[in-house]
Amino acid sequence: MTVKALYKLLLLTLVCGAVTGSAFAQKRAKTFTGNWNWAVYGKDKSDLPPAYRDMDLKEVPAYAVDLTLRQRGKRLKGSFGIVARYLARVDEGDFATTVTGNRATIKLTSNFGGSATVTMILQGNKLLWKVIRSTGENYFPKEAVLRRLRPGEKLPYEADEP
């Protein structure tokens, strides 16, 4: 085999590998599936309500959003947990919707009587959250950037399982 023939074979192999790799990357595109979190903490223990001042700041979020999402095809199901006012307001619920590209719009009902329509945009390991409509009493943050948790990662304010 000549050097020219080897060069052509090598070039053909690289091109085929690039095409195959590109197709493989498209098949394993990122999904919304996973556990997501956004939290804001006090800056000083004096920010905490008196009952929590002996605790670490990271154990008592001022505000937090936790999502557990499962995407299958274009269907997205999930659950949410909201903590507001240093644990004085806690809310949770479930939802289902359809994903379009890297965007999903969800309708959430609060246990406080209100509701919100939220758009979520997936950007790698970040999830952009924006309330586009809100009614009644609810504690859904207007905007947030949630991060995808690593498998097995436990949040500082998450209770230990018995």
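Bear in mind that the values here come from a model prediction, so they are computed numbers and not experimental data.

> Teacher, can you tell me more about the overall build of the chain here?
Broken down by element type, the chain carries 1 helix and 8 strands. Going residue by residue from the N terminus, the α and β elements of the chain occur as α-β-β-β-β-β-β-β-β. Within the chain, buried positions represent 33% of all 162 residues. Of the roughly 10700 Å² that the chain leaves accessible, carbon and sulfur atoms contribute 56%.

> Hey, could you run me through the side chain of asparagine 138 in this one?
By the secondary structure assignment, asparagine 138 is in the loop between strand 7 (126-135) and strand 8 (143-148). A polar side-chain atom of asparagine 138 sits 3.1 Å from the main-chain carbonyl oxygen of serine 115. In terms of polar contacts, asparagine 138 uses its side chain to reach the side chain of serine 134, at 3.0 Å. Dropping the residues within four chain positions of it, asparagine 138 is found in contact with Ser110, Gly114 and Ser115.

> What exactly am I supposed to notice about the environment of leucine 155 here?
With respect to the helices, strands and loops of the structure, leucine 155 is situated in the segment after strand 8. Of the residues examined, leucine 155 reaches a relative accessible area of 7% and is grouped as buried. Between the C-alpha atom of leucine 155 and that of alanine 39, which follows or precedes it by 116 residues, the distance is 9.8 Å. Discounting chain neighbours no more than four positions away, the residues touching leucine 155 are Asn37, Asp66, Arg147 and Leu149.

> Sorry, what's going on with the pattern of salt bridges here?
Here the idea is simple: oppositely charged side chains can pair when their charged atoms come close. What the rule picks out here adds up to 3 salt bridges. With its nearest N and O atoms 3.5 Å apart, the salt bridge here joins glutamate 143 to lysine 130. With glutamate 143 in strand 8 and lysine 130 in strand 7, the pair connects residues that are 13 residues apart, well separated along the chain. Note that arginine 150 is salt-bridged to glutamate 153, the shortest N-O span being 3.7 Å. One connected set of salt bridges, linked through shared partners, spans Arg147, Arg150 and Glu153.

> Could you clarify how one ought to interpret the sheet that holds strand 7 in this entry?
The strands making up a sheet are joined through hydrogen bonds of the backbone, oriented either antiparallel or parallel. Judged by pairing direction, the barrel is antiparallel, and its 8 strands sit side by side in the order 1-2-3-4-5-6-7-8 before closing back on the first. Each strand of the sheet is rotated relative to its neighbour by a mean of 25 degrees, with strand direction disregarded. When strand 6 (residues 115-123) meets strand 7, the two strands line up antiparallel, connected through 9 bridges. Across the sheet, the residue bridging to threonine 117 is arginine 133, located in strand 7.

> Explanation requested: the pairing of strand 7 in the structure shown.
The side chains of a regular strand alternate between the sheet's two faces. Following strand 6, the chain reverses through 2 residues before pairing antiparallel with strand 7; glycine 124 in that reversal takes a positive phi of roughly 65 degrees. Across 5 bridges, the pairing between strand 7 and strand 8 is antiparallel. Its bridge partner lying in strand 8, tryptophan 129 is registered against alanine 144.

> Explain the environment of alanine 96 to me, please; I cannot follow it from the model alone.
Relative to the helices and strands, alanine 96 is located in strand 4 (residues 89-100). Remark: the alpha-carbon pair of alanine 96 and lysine 107, spanning 11 residues in sequence, is separated by 8.4 Å.

> For this particular structure, what's the right way to read a positive patch on the surface?
A surface patch of like charges, here positive, comprises Arg70, Arg72, Arg75 and Lys77. Residue assignment for the positive patch shows that the elements contributing at least two residues are strand 2 (63-72) and strand 3 (75-84). Among the secondary structure elements, arginine 70 is positioned in strand 2.

Cut-offs applied
- Residues numbered from 1 in each chain as written.
- Predicted model: local features only at pLDDT ≥ 70, side-chain atom pairs only at ≥ 80, totals over all residues.
- Heavy atoms only, no water.
- Helix = DSSP H or I, 4+ residues; strand = E, 2+ residues; numbered from the N terminus.
- Buried < 20%, exposed > 50% of the residue type's maximum accessible area, 1.4 Å probe, protein only.
- Areas by Shrake-Rupley, 256 points an atom, 1.4 Å probe, with all protein chains shown as cover.
- Polar contact = N/O pair within 3.5 Å; in protein donor to acceptor, adjacent residues only side chain to side chain.
- Contact = heavy atoms within 4.5 Å.
- Salt bridge = Lys/Arg side-chain N within 4 Å of Asp/Glu carboxyl O.
- Pairing = 2+ DSSP bridges.
- Axes fitted to C-alpha atoms, helices over the stretch in contact; angles between N-to-C directions.
- Patch = residues over 30% accessible without salt bridge, like charges linked within 9 Å, V, L, I, M, F, W, Y side chains within 5 Å.
- Lys, Arg positive; Asp, Glu negative; His and termini not counted.
- Charge placed at Lys NZ, Arg CZ, Asp CG, Glu CD.

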